[in-house]
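# An overview of the molecular structure
Listed here are the chains, written in short residue letters.
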Amino acid sequence: MRPVSYSRATDVGAAIGAVSADPESAFLAGGTTQVDLLRIYVEQPRRLVDINDLPLNRIEELPGGGLRLGGLARMSDVAEEPELVRRYPMVAEALLLGASPQLRHMATIAGNLMQRVRCSYFRDVAAGCNKRAPGTGCSAIDGINRGHAVLGTSDCCIATHPSDLGVALVALDAVVQTEGPGGTRSIPIDDFFLLPGQTPEREHPLTHGELVTGIDLPPLPVAATSRYIKIRDRESYEFALASVAVAMSVVDDRITEIRLALGGVATKPWRARQAERLLDGAPATTESFTRAAEAELAPAVPHGMNTFKIELARRTIVRALEIMAQREGTT
Amino acid sequence: MSPAIGATLNRVDGRFKVRGESRYSAEVPVPNLTHAVVVNAKIASGRITAIDTSEAERAEGVLAVLTHRNLSPVATVPKLLPSLAGLAAPGQSFFPMQDETIHYAGQPVAIVVADTIERADHAGTLIRFEYAPTPATTLLDQARDQAYVPERIFGGLLPGHASRGDVAKALAEAEVCVDTTYRFAPNHHNPIEPSASTAVWEDADRLTVYDSTQGPNSVQFTLAELLGLPPISIRVVSHAVGGSFGSKAMVWHHPALAALAARHVGRPVRLVLTREQMFTSCGHREEQEQRITLAAGADGRITALRHHKLSLTSPFDDWAEPSLQSPSVAYTSPNYEGIYHLVRGNTITPTFTRAPGEATGMFALECAMDELAERIGVDPLELRLRNYSATDPESGKPWSSSGLTECYQRAAELFGWHGRDPRPRSRREGQWLIGTGMASALYPVTQPVNPQRARARLYNDGTAVVEAGVSEFGTGVFTAMTQVAADGLGIPVERVRFVGGSSDLPNVTAAVGSAGTSAVGSAVHLATTQLRDELIRRAVADDHSPLRGADPAAVQVRDGKMVLRDRPDVGETYADLMHRTFMPDVEVLGTWNPPPQDAGYGVHTFGAQMAEVAVDADLGVVRVRRMVGVFAPGRVLNRKTAHSQLMGGMLWGLGQALLEATRMDPRMGRWANASLGDYLVPVNADAPDVVVDTIEVHDEVVNPLGMKGVGEIGVVGVAAAIANAVHHATGRRQYELPITLEKLL
Ligand SMILES: Cc1cc2nc3c(=O)[nH]c(=O)nc-3n(C[C@H](O)[C@H](O)[C@H](O)COP(=O)(O)OP(=O)(O)OC[C@H]3O[C@@H](n4cnc5c(N)ncnc54)[C@H](O)[C@@H]3O)c2cc1C
Ligand code: SF4
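Residues numbered from 1 in each chain as written. Chains lettered and ligands numbered in written order. Predicted model: local features only at pLDDT ≥ 70, side-chain atom pairs only at ≥ 80, totals over all residues. Heavy atoms only, no water.

### Focus on the pattern of salt bridges
The cut-off we apply is this: By definition, a salt bridge exists where a carboxyl oxygen of Asp or Glu is found within 4 Å of a side-chain nitrogen of Lys or Arg. A helix here means a DSSP run of H or I that spans at least four residues, while a strand means a run of E at least two residues long, and both kinds are numbered starting from the N terminus. Only protein chains enter the accessibility calculation, which uses a 1.4 Å probe; a residue whose area is less than 20% of its type maximum is buried, one above 50% is exposed, and one in between is partly exposed.
Here the structure, examined in full by the defined rule, presents 76 salt bridges over all chains. Across the salt bridge formed by A:R116 and A:E43, the nearest N and O atoms sit 2.8 Å from each other. Of this pair, A:R116 sits in the loop between helix 7 (109-114) and helix 8 (165-172) while A:E43 sits in the loop between helix 2 (34-39) and strand 3 (47-50); the two residues are 73 residues apart in sequence, bridging distant segments of the chain. Among the residues examined, A:R116 registers a relative accessible area of 15% and is labelled buried. Taking the relative accessible area as the measure of exposure, A:E43 reaches 18% and is therefore buried. Among the salt bridges present, the one from B:R183 reaches B:E289, with a minimum N-O distance of 3.8 Å. A residue pair is termed long-range when its members are at least 10 positions apart, and B:R183 in strand 10 (residues 176-184) and B:E289 in strand 15 (residues 288-296) qualify at 106 residues. Judged by its relative accessible area of 13%, B:E289 is buried.

### Describing the domain arrangement of chain A
One frequently used descriptor of interface size is the decrease in accessible area upon assembly of the parts. All names here are of chain A. Threshold: In this entry, domain limits derive from an automatic or database-based domain assignment. Between two residues, a contact is recorded if the distance between any of their heavy atoms is within 4.5 Å. What counts as buried area is the accessible surface, traced by a 1.4 Å probe, that two parts surrender upon association, with contributions from both included. In protein, a polar contact means a hydrogen-donor-capable atom and an acceptor-capable atom, both N or O and within 3.5 Å, with residues adjacent in sequence counting only if both atoms are side-chain atoms; elsewhere, any N or O pair within 3.5 Å suffices. All residues other than Ala, Val, Leu, Ile, Met, Phe, Trp, Tyr, Cys, Pro, Asp, Glu, Lys and Arg, Gly among them, are scored as polar; the first ten of these are nonpolar and the last four charged.
Examined at the domain level, chain A breaks down into domain 1 (5-50), domain 2 (59-114 + 162-217) and domain 3 (221-330). Taken over C-alpha atoms, the centre of domain 1 sits 19 Å from the centre of domain 2. Listed by partner, the interface residues are eleven residues for domain 1 and 13 residues for domain 2. Between domain 1 and domain 2, the buried area comes to about 940 Å², and carbon and sulfur atoms account for 75% of it. Joining domain 1 to domain 2, the criterion identifies two residue pairs in polar contact (both at pLDDT 80 or more). Looking at the side of domain 1 that touches domain 2, the elements that each hand over two or more residues are helix 1 (12-20) and strand 2 (25-28). Here the side of domain 1 that touches domain 2 takes four residues from helix 1, the largest share from any one element. Considered class by class, the residues forming the side of domain 1 that touches domain 2 number six nonpolar, four polar and one charged.

### A few points about the side chain of B:S93
Residue and element names in this part refer to chain B. One can find S93 in the loop between strand 3 (62-66) and strand 4 (101-102). Taking the relative accessible area as the measure of exposure, S93 reaches 14% and is therefore buried. Side-chain polar atoms of S93 contact the backbone nitrogen of L80, separated by 2.9 Å. Separated by 2.5 Å, the side chains of S93 and D317 make a polar contact. Aside from chain neighbours lying at most four places away, what touches S93 is V77, P78, K79, L80, F316 and D317.

### Notes on unusual backbone geometry
All names here are of chain B. Going from L737 to P738, the amide bond is cis rather than trans, its omega being -5 degrees. Position of P738 relative to the elements: it lies in the segment after strand 32 (736-737). Phi angles above zero are rare outside glycine, and F154 is one such case at about 65 degrees. Within the fold, F154 resides in the loop between strand 7 (152-153) and strand 8 (158-159). A relative accessible area of 11% places F154 in the buried class. For F245, which is not glycine, the phi torsion reads 60 degrees and is therefore positive.

### Overview of the domain arrangement of chain B
Residue and element names in this part refer to chain B. With domains assigned, chain B is organised as domain 1 (31-135 + 192-243 + 248-281), domain 2 (152-187 + 284-446 + 599-744) and domain 3 (448-592). Relative to domain 2, the C-alpha centre of domain 1 lies at a distance of 36 Å. With 23 residues of domain 1 at the interface, the matching set in domain 2 holds 24 residues. Between domain 1 and domain 2 the total buried area reaches about 1900 Å² when both faces are included, carbon and sulfur atoms providing 72% of it.

### A closer look at the side chain of B:N387
Residues and elements named next belong to chain B. Residue position: N387 is located in the loop between helix 9 (380-386) and helix 10 (404-415). Under the relative-accessibility criterion, N387 is labelled buried at 0%. For N387, the side chain forms a polar contact with the main-chain oxygen of L383, separated by 3.0 Å. Discounting chain neighbours no more than four positions away, the residues touching N387 are G300, R301, I302, Y331, T332 and M369.

### Let's talk about the packing of helix 14 (residues 639-658) of chain B against helix 15 (residues 718-730) of chain B
All names here are of chain B. What counts here: Every angle, taken between N-to-C directions, lies between 0 and 180 degrees, and every axis is a line fitted to C-alpha atoms, over only the stretch in contact when it is a helix. For classification purposes, an angle smaller than 35 degrees is called roughly parallel, one larger than 145 roughly antiparallel, one from 65 to 115 roughly perpendicular, and anything else oblique. By convention, the crossing between two helices is left-handed when the near helix turns anticlockwise from the far helix through less than a right angle, and right-handed when the turn is clockwise.
Between helix 14 and helix 15, whose axes approach to 7 Å, the crossing angle comes to 50 degrees. By the criterion of interaxial angle, the relationship of helix 14 to helix 15 is oblique. Seen along the crossing, helix 14 lies across helix 15 with a hand that is right-handed. Facing M650, G653, L654, Q656, A657 and L658 of helix 14, the residues of helix 15 in contact are V718, A719 and I722. Taken together, the residues of the contact of helix 14 with helix 15 sort by class into seven nonpolar, two polar and no charged.

### Things to note about the pairing of strand 12 (residues 206-211) of chain B
Residues and elements named next belong to chain B. This is how the line gets drawn: Only when DSSP finds a minimum of two bridges between them are two strands counted as paired. By definition, the crossover connecting two strands over a helix is right-handed if that path, from the first strand to the second, turns clockwise as seen with the strands pointing away from the viewer.
Of all the six residues making up strand 12, five are buried; the element is thus mostly covered by neighbouring parts of the structure. The pairing of strand 11 (residues 196-203) with strand 12 spans six bridges and is antiparallel. By the bridge assignment, T198 is partnered in strand 12 with Y210. Once strand 11 ends, the chain turns through two residues before running back antiparallel as strand 12. Bridge analysis of strand 12 against strand 13 (residues 234-237) gives four bridges, and the strand direction is parallel. Across the sheet, residue T208 finds its bridge partner in strand 13, namely R235. In terms of handedness, the path from strand 12 via helix 5 (residues 216-227) over to strand 13 forms a crossover that is right-handed.

### Focus: the site of ligand 1
All names here are of chain A. Applied cut-off: When we say a residue is near a molecule or strand, we mean one of its heavy atoms is within 4 Å of it. The method behind every accessible area is Shrake-Rupley, applied with a 1.4 Å probe, and residues are considered shielded solely by the protein chains displayed.
Neighbouring ligand 1 are 32 residues; F27, G31, T32, T33 and T108 lie closest to it. Within the contact set of ligand 1, an oxygen atom lies 2.8 Å away from a backbone nitrogen or oxygen of A29. A distance of 2.7 Å is found between an oxygen atom of ligand 1 and a backbone nitrogen or oxygen belonging to Q34. When ligand 1 is considered free in solution it has 980 Å² of accessible area, and contact with the protein chains removes 95% of it. Listing elements by their share of the shell around ligand 1, those giving two or more residues are strand 2, helix 2, helix 7 and strand 8 (211-217).

### A word on the sheet that holds strand 6 (residues 175-180) of chain A
Residues and elements named next belong to chain A. Read across the sheet, five strands follow the order 4-5-8-6-7 without closing on themselves; strand pairing throughout is antiparallel. One side of each edge strand has no neighbouring strand; the edge strands of this open sheet are strand 4 (59-61) and strand 7 (183-188). Taken pair by pair, the neighbouring strands of this sheet meet at an average axis angle of 25 degrees, ignoring direction. Inspection of the sheet shows strand 6 paired to strand 8 by five bridges, in the antiparallel sense. Note that in strand 8 the partner of V175 across the bridge is D216.

### What about the packing of aromatic side chains?
Residue and element names in this part refer to chain B. Convention followed: Classification of ring pairs uses Phe, Tyr and Trp, with its six-membered ring standing for Trp, and accepts pairs whose centres are within 6.5 Å; under 30 degrees between planes counts as stacked, over 60 as edge-to-face, and the remaining range as tilted.
Under the counting rule described, the total for this entry stands at 16 aromatic pairs over all chains. Plain terms: the ring middles of F184 and F363 are 5.6 Å apart, the flat faces sit at 80 degrees to each other, and that makes the pair edge-to-face. With F184 in strand 10 and F363 in helix 8 (residues 358-376), this residue pair connects regions lying 179 residues apart in the sequence. Both residues of the pair, F184 and F363, belong to the buried class. For the ring pair W319 and F352, a centre distance of 5.4 Å and an interplane angle of 75 degrees mean the geometry is edge-to-face. Taken together, the positions of W319 in the loop between strand 16 (302-313) and helix 7 (325-330) and F352 in the loop between strand 17 (335-344) and helix 8 put the pair 33 residues apart, joining distant regions of the chain.

Below, the structure is given as structure tokens:
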């Protein structure tokens, strides 16, 4: 890796100051994305500012019944927080189905949202990649793209957003809290992840040196009956081929409330609004589920090896909704 | 035989490993050390037209930047020869950095030596290359029409085609015929320890290389040729090796590159391959396609087997993993035709990869057998029994030992095979379709050619050190050798220390082809039993010994004490005899001359595999629920390590079936998933309930201890058993590995 200088920030202001003053610097949290990318020259900052000592790892109650997750809280700690498990089980499941225990102990949840794509061309500095090197073309569109996205793609980039946590968070309408040189901001999660469009190098609206300080989960009673379903080639330690975060309530066999989001198939954690519209108020039947899944995937664009993901995503949605309906029916 | 052999002895090196005290080749402390990093070609074919090393040379800590322009050329480039032959064993008949031509992506084009590995790595990215690329072939589909039939494959050791009887006639007359083609993704080994070499020139003509290898002597002989030095100038040491699976079976470029770089900078050089480089520097299992045509009577008796393979090889060698060998002798078949077809491509020469050949060839045959069983309405196990061959169908000679039918029977009992409903999709549990499948496992017993040697030295306190040049790459061979030595000498295992891992020690062949333990074990057995006999002889000839005048054949040794077999109270210890006669130690070199491969017997290891899978009816996800493997590997030296080997093999078979694939991007001619995050191997969560058992067979032919090897037989047949189970669950035949979920949606 390129020679890099390293310092440890002890307070938030100093961390933000250090990074925003130097365009060639970056925050270092758990390092599970950052260090990998340094080693393969995909990211080449000259200076790393370690933020692990910042007091941003707590999980707190918000007035009104929500939870605030500190940006530096570790994936493993968040997944075990009893209140989170009780009120937002899909978040805990999304975390536990991600990465490996070793990684989850290191990785922070802010870092999880900020992680870079797993597209192998992005990681191969000798390959063309619009995201890594704008204007060099997308090698994946006609290449090895089994893991790539079918929703939210553009002719510039089709890389799947890899985060599982993000999928649960978009279903919940979480809010990302940041602090930067210009002060603090609250960014609705759906606006936090950008579609690639013609600027795939822009993945989020943060300015350089802006720090993710926390993630707010709003009060949402339906989230207590929620699941995260993840389909992948091996049982553990792998990213999703398709995943579904779902919260649903059913009264008299009708869906009264529904939150649905998809992972593994889209360029950002994908709120399935089209499906939600069709499901809201619909009978909780496989027919409704299938219709909603088909509508959500209607705009999907395949690119060869990943064609199967369209059908896989549909079936995974139906599976997830059926699981919820059964559970709702029996309780 | 005393009880040490076959016992469950914990690994003698286990304690050091779990405490992090084992020294791998990249960890041996060496004063004044420098670090080398290899830079690889990014194009797959063409020429280097310009190189600018100036920036790299100026980078901090850099000692040398070597390219074909300033690296001293190698003396000779030896021809590929499998390391089992005991001679120089380069992985390919090519050595890089001799000129500007690029034959494959990943070919080394420069070496940077610096004071730290990070600085060397960074400086490597500062070298500017200009290339004139030419069109490359990296997929079979790009050059099928250029396939040829090689006269010989596998470094010249095996024929490129073989036949017996009249296949065309048998096919024309067949009552049933199954004709299918199977495709296999390339596979990489992915041991946890990347290959590493540390080269230290003690003086101008004395080189020590610490190398991660399956055969220190192979490295020594290969380096001697490449560097133009006599073998006496080269010592290769391999204290501990973190797995190999074939990636360290042959000698690749890095030890020689480390030695050349070390000579250039005049300091010791450590060269560690990166994980990504492990995908382009040590060979792989080649992309291939196999067509099986089975002709049979209505009763399922096979009348002909035709087995054709098409695979990609390098510009340098006619390499194909020998997929046709085991299938050709698995069942009686009076008519047979096996042909290898090769296509030359821009790739490093492929190499041994866990059960090289058998893993793919037996997959093809055993899936076709399952189809035949379905076609004629016979239980798959019954079909195999009907076609069981009590002799080697190739030569007509008897098997040295078999045990195959007992393996089937035992596996069926352990698995609960009998009473299986053969109809596909006949079992369902909720969303899961359940299926079971089976396959035979065969692996050839390959003999080394050169004499295998080991030295045993007994000290006058009754402890012994036993030495041979074998390296420990995770198989448990040091542990098993401790047991063989203890048995041979008649002393407890605690009094034996086995030392291996250096070319200075008595020469044994590289531990490959599942033959490593039996090769070195035979030598250790001979060394230690000859040493024991020598001391018995001295005792009976010594006037002061209680054994004086006894018939040596009537003496046995227990717990270090030589006693009369029928009067165990009469005798004395080795220590007593040696002290009394002023012997500090006694030493014997044992030499085992392996029998010729064609010794009047068919020699193969046999086994049976069974698997149960659950397939998600909607989502296509396949999960293996349980596997049973029963094998007849001859004498088992250590139940624990042998079972671990067999179980590990079965899990690799699971990986081959469901997960493992290296993906080539033909536009760049490079692998697109060269990392452990993208090349999937099974993790613990994928490991089902695995039952391993062995059937005892006595084999007087293969070697003095009757061992046939447990290294790779465990892999063979697993993928077929799983694919057959997937068919049973879903009704869908699988013709391509790995079986990923999109094939079942
Ligand atoms: C082998 C492997 C498998 C994985 N599998 C999964 C999986 O299945 N599911 C999944 O969701 N994830 C998976 N991950 C990704 C993993 O969860 C992320 O790497 C991790 O969450 C990143 O967190 P970190 O603290 O290590 O971030 P770092 O690596 O330290 O940082 C990542 C990026 O975020 C920036 N950053 C970090 N913290 C902040 C902050 N507070 N504010 C602003 N910017 C910040 C850094 O500058 C850097 O650019 C996997 C990773 C690996 C290596
Ligand atoms: S998909 Fe995106 S990340 Fe991958 S190569 Fe194309 S532009 Fe780069």
